[in-house]
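If you want the building blocks of each chain, they are given just below.
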Amino acid sequence: LEELVDAAAVLSSQPLPRGPRVGVITNAGGLGILCADACESYGLELPPLSEETLRALEPHVPGEASLANPVDLLGSATGETYRAVLGPVLADPNLDAVIATIDLPDRGHLGAVAAALAAQPCTGQHAHAFFLGGQHNVAHQIVGLNPADHMGMPCVRDISHLSHVGVFKALK
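As the structure is a computational prediction, the values presented were derived from the model and not from experiment.

A.B. asks: Any chance you could explain the nonpolar core here in plain terms?
C.D. replies: Looking at soluble globular proteins, one finds that nonpolar side chains tend to be buried together. The biggest cluster of nonpolar side chains holds 19 residues, and the ones touching the most others in it are Ile25, Leu57, Leu73, Tyr82, Val85, Val89 and Val98. Put simply, the parts of the chain that give this core at least two residues each are helix 3 (51-57), helix 4 (79-90) and strand 3 (97-101). At five residues, the largest contribution of residues to this core is made by helix 4. Counting residues in hydrophobic clusters, the runner-up holds eleven residues, among them Val22, Val24, Cys35 and Ala38.

Written as structure tokens, this is what we have:
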């Protein structure tokens, strides 16, 4: 029943992606891999980013960052880093949805990162989800999608639901 209620909430509040292609942005490589694995388990794909997107990201990330999908911004990422990176990734023609994952050892940056994500316009071309983990309900309050819990990643499940409906509607 909880999953049904979550699905109804996300379907009524988020744009439908065109398909199952997801971009993942993270500040912790392990967390990005966990999210990528969760995406795969829900039938979502993580295609490479376009060359144009890669060029747009380069000035905003440290040289050690990984620009593969998942994009690993490293632990030094701030709200401003997420703000600069999220726009080009949301506009990438190879993606239908974007999930930004955040692991913040210094919880003081939490509000700035969440606000940066919430400031991105929902264009209808990409649904964007965001999770922090467990007790960090600020993610749900600011962005409006399920934060991850300790047992899984509901935001990935939400994107999967949106993707399936988006693909079905495109067939009509």
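A.B. asks: Got a minute to help me understand helix 2 (residues 29-41) in this structure?
C.D. replies: In an α-helix, one turn spans 3.6 residues, which is why side chains three or four residues apart end up on the same side. An ideal rise of 1.5 Å per residue puts 18 Å on 13 residues; helix 2 measures up with 18 Å between its terminal C-alpha atoms. By the burial criterion, the buried members of helix 2 are Leu31, Gly32, Cys35, Ala36, Ala38 and Cys39. The buried side chains of helix 2 occupy one side of the element, clustering within an arc of 160° when seen end-on. More than 90 degrees from the buried face of helix 2, the exposed residues found are Leu34, Glu40 and Ser41. Looking one or two residues beyond helix 2, the residue adopting positive phi is Gly43, at roughly 80°.

A.B. asks: Would you mind showing me how to read the environment of Leu95 here?
C.D. replies: Looking at where Leu95 falls in the secondary structure, it is placed in the loop between helix 4 and strand 3. According to the relative accessible area criterion, Leu95 is buried, its value standing at 0%. Each C-alpha atom of the pair Leu95 and Arg18 lies 8.7 Å from the other, and the pair is 77 residues apart in sequence.

A.B. asks: Sorry if this is basic, but what is going on with the pairing of strand 1 (residues 22-26) here?
C.D. replies: The side chains of a regular strand alternate between both faces of the sheet. Most of strand 1 sits out of view: five of its five residues are buried. Burial of strand 1 is two-sided: the residues Val22, Val24 and Thr26 facing one way and the residues Gly23 and Ile25 facing the other way are all buried. Judged from the five bridges that link them, strand 1 and strand 3 form a sheet pairing that is parallel. Each bridged residue has a counterpart across the sheet, and for Val22 the counterpart in strand 3 is Ala97. Examined bridge by bridge, strand 1 and strand 2 (residues 71-72) share two bridges and lie parallel to one another. The partner of Ile25 across the bridge, within strand 2, is Val71.

Definitions and cut-offs
Residues numbered from 1 in each chain as written. Predicted model: local features only at pLDDT ≥ 70, side-chain atom pairs only at ≥ 80, totals over all residues. Heavy atoms only, no water. Core = buried A, V, L, I, M, F, W, Y, C linked by side-chain atoms within 4.5 Å. Buried < 20%, exposed > 50% of the residue type's maximum accessible area, 1.4 Å probe, protein only. Helix = DSSP H or I, 4+ residues; strand = E, 2+ residues; numbered from the N terminus. Expected span 1.5 Å × (residues − 1). Arc of directions from axis to C-beta. Pairing = 2+ DSSP bridges.

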